[in-house]
Amino acid sequence: MLRALYDKVNDDQIEEEVPFLLSWGFDLEALKTSISNVGQISPLVVKPHRDRFRLICGCRRRQALRELGQDEYTVLILPEDTTPKQSLVLALEENLGHRSFNEAEKVLALRVNNYLQRLGLPPKIEFLERFLSLAGLGDQGLTALASGRLDPETAELLMAMESADRTAVLELLEQINPGRNKRRQIITWLHEISLREDRFVSDILI
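The numbering scheme is per chain: residues are counted from 1 as the chain's sequence reads. Residue-level local features of this predicted model are given only where pLDDT is at least 70; pairs of side-chain atoms are given and counted only at 80 or more, and the full residue set underlies all totals for whole chains, interfaces and linings. Only hydrogens and water are set aside; all other atoms, that is, all heavy atoms of the structure, feed into the side-chain values.

Helix and strand counts for the protein chain stand at 10 helices and four strands. Starting at the N terminus, helices and strands are each numbered in turn, a helix being any DSSP run of H or I of at least four residues and a strand any DSSP run of E of at least two. Counting from the amino terminus, the protein chain carries its helices and strands in the arrangement β-α-β-β-α-β-α-α-α-α-α-α-α-α. Note on classification: 1.4 Å probe, protein chains only; a residue is buried when its accessible area is under 20% of the maximum for its type, exposed when over 50%, partly exposed between these limits. Split into buried and exposed, the 206 residues of the protein chain put 41% on the buried side. Contact between two residues is taken to exist if any of their heavy atoms lie within 4.5 Å; hydrogens are not considered. Of the contacts made within the protein chain by residues no fewer than 6 positions apart, 68% connect residues no fewer than 24 positions apart. Shrake-Rupley sampling with a 1.4 Å probe provides the accessible areas, and residues are treated as covered by the protein chains on show and by no other component. With the model as given, the accessible surface of the protein chain reaches about 11600 Å², and the carbon-plus-sulfur share is 49%. Charged residues are defined narrowly, with Lys and Arg counted positive, Asp and Glu counted negative, and His plus the chain ends left uncounted. Every charge is mapped onto a representative atom, which is NZ of Lys, CZ of Arg, CG of Asp or CD of Glu. When the 26 basic and 32 acidic side-chain charges of the protein chain are each reduced to a single mean position, those positions are 5 Å apart.

Structure below.
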């Protein structure tokens, strides 16, 4: 059991990098309303790192507090010797304890460890490999996954494309927002046209 201390710290005392980021594509409005009404209830969880603190849990809370103009936070300070594994497990369980992960967040969680069953995924190697591969989608792809505008199966088709082609297709899907089956049909058609005309998909979509 980790022993931690409650304290107050300023925003500039916390590093910007979040090594165990498990939140993506979230809506802060409900959280901001709650904080505006009753203040910060749950502390950020941090760990000493060099002469500052590293954020372990509470990325959304920190962003909401920032947007509300607050720069001092209640924090729970973990011992300096807390291991990366302990930090990761704490971040994962803290998030899973009060919400379900969207598809992009499952990708982020699996990027750093194997928690298939805790994430509601079948404990099979093909699911691990699929979700780990999707970590390469980049910010745009992960945001589409988080919002539900992209599904894992369609994302796999995108991962087979060159980066520029993937970006172009994602922008197209954002504009027309087709259903799941239509997404795959569009990608299949574009792939076939690309092969027939010997052109990149991104050039076809210009």
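This part is about helix H6 (residues 138–147). Among the residues of H6, those classed as buried are Gly141, Leu142, Ala144, Leu145 and Ala146. Looking one or two residues beyond H6, the residue adopting positive phi is Gly148, at roughly 90°.

Salt bridges are defined by distance alone: a side-chain nitrogen of Lys or Arg within 4 Å of a carboxyl oxygen of Asp or Glu. Inspection of every chain in the model, using the stated rule, returns 16 salt bridges. Linking Asp11 and Arg66 is a salt bridge whose minimum nitrogen-to-oxygen distance equals 3.1 Å. Taken together, the residues span a long stretch of sequence, with Asp11 in the loop between strand S1 (5–10) and helix H1 (29–38) and Arg66 in helix H2 (residues 59–67) at a distance of 55 residues. Using a relative accessible area of 15% as the deciding quantity, one classes Asp11 as buried. Between Glu16 and Arg66 there is a salt bridge, with the nearest N and O atoms lying 2.4 Å from each other.

This next bit is on the side chain of Asp165. Within the fold, Asp165 resides in helix H8 (residues 163–176). Of the buried charged residues, Asp165 lacks a salt bridge, with Arg166 as the closest side chain of opposite charge at 8.8 Å. Under this definition, polar contacts are N or O atom pairs within 3.5 Å; protein pairs additionally need one hydrogen-donor-capable and one acceptor-capable atom, and for neighbouring residues in sequence, both atoms have to be side-chain atoms. From its side chain, Asp165 meets the backbone nitrogen of Val201 in a polar contact 3.2 Å long. At 2.8 Å, the side chain of Asp165 forms a polar contact with the backbone nitrogen of Ser202. Leaving out residues up to four positions away in the same chain, Asp165 has contacts with Phe200, Val201 and Ser202.

Secondary-structure assignment places Val89 in helix H3 (residues 84–96). Distance from Val89 to Phe20, taken between C-alpha atoms, is 9.4 Å for residues 69 residues apart in sequence.

Before going further, it helps to examine the environment of Glu126. One can find Glu126 in helix H5 (residues 125–133). Residues Glu126 and Leu195, 69 residues apart in the sequence, show an inter-C-alpha distance of 28 Å.

A separate point is the pairing of strand S3 (residues 52–57). The buried fraction of S3 is high, at five of six residues. Both strand S2 (residues 44–49) and S3 contribute to a ladder of five bridges, which runs antiparallel. Of the residues in S3, the one forming a bridge with Val46 is Leu55. Strand pairing follows a simple DSSP-based rule, namely that at least 2 bridges must link the two strands. Here S2 folds back onto S3, and the loop between the two strands holds two residues, one of which, Arg50, carries a positive phi near 55°.

Glancing now at the packing of H8 against helix H9 (residues 180–197). Lines fitted to C-alpha atoms define the axes here, with helix axes fitted over just the stretch in contact, and angles between the N-to-C directions of these axes take values from 0 to 180 degrees. At their nearest, the axes of H8 and H9 sit 11 Å apart, and the two run at 140° to each other. Between H8 and H9, the crossing angle belongs to the class labelled oblique. For the element pair H8 and H9, the recorded crossing hand is right-handed. Residue-level inspection shows Val169, Leu172, Leu173 and Ile176 of H8 in contact with H9, the latter providing Arg183, Ile186, Ile187 and Leu190. Here the nonpolar group is Ala, Val, Leu, Ile, Met, Phe, Trp, Tyr, Cys and Pro; Asp, Glu, Lys and Arg are the charged ones; every other residue, Gly included, is treated as polar. Looking at the contact of H8 with H9, its residues break down into seven nonpolar, no polar and one charged. Should an angle lie under 35 degrees it is considered roughly parallel, over 145 roughly antiparallel, and from 65 to 115 roughly perpendicular; all remaining angles are considered oblique. Here a crossing is taken to be left-handed if its near helix is turned anticlockwise relative to the far helix by less than a right angle, and right-handed if that turn runs clockwise.

Before going further, it helps to spend a moment on the state of the cysteines. Only a pair of cysteine sulfur atoms within 2.5 Å counts as a disulfide in this structure description. Following the criterion strictly, the structure yields zero disulfides and no others. Of all cysteine sulfurs in the structure, the one in Cys59 sits closest to Cys57, which takes part in no disulfide; the separation is 11 Å. Judged by its relative accessible area of 3%, Cys57 is buried. For Cys59, a relative accessible area of 23% gives the class partly exposed.

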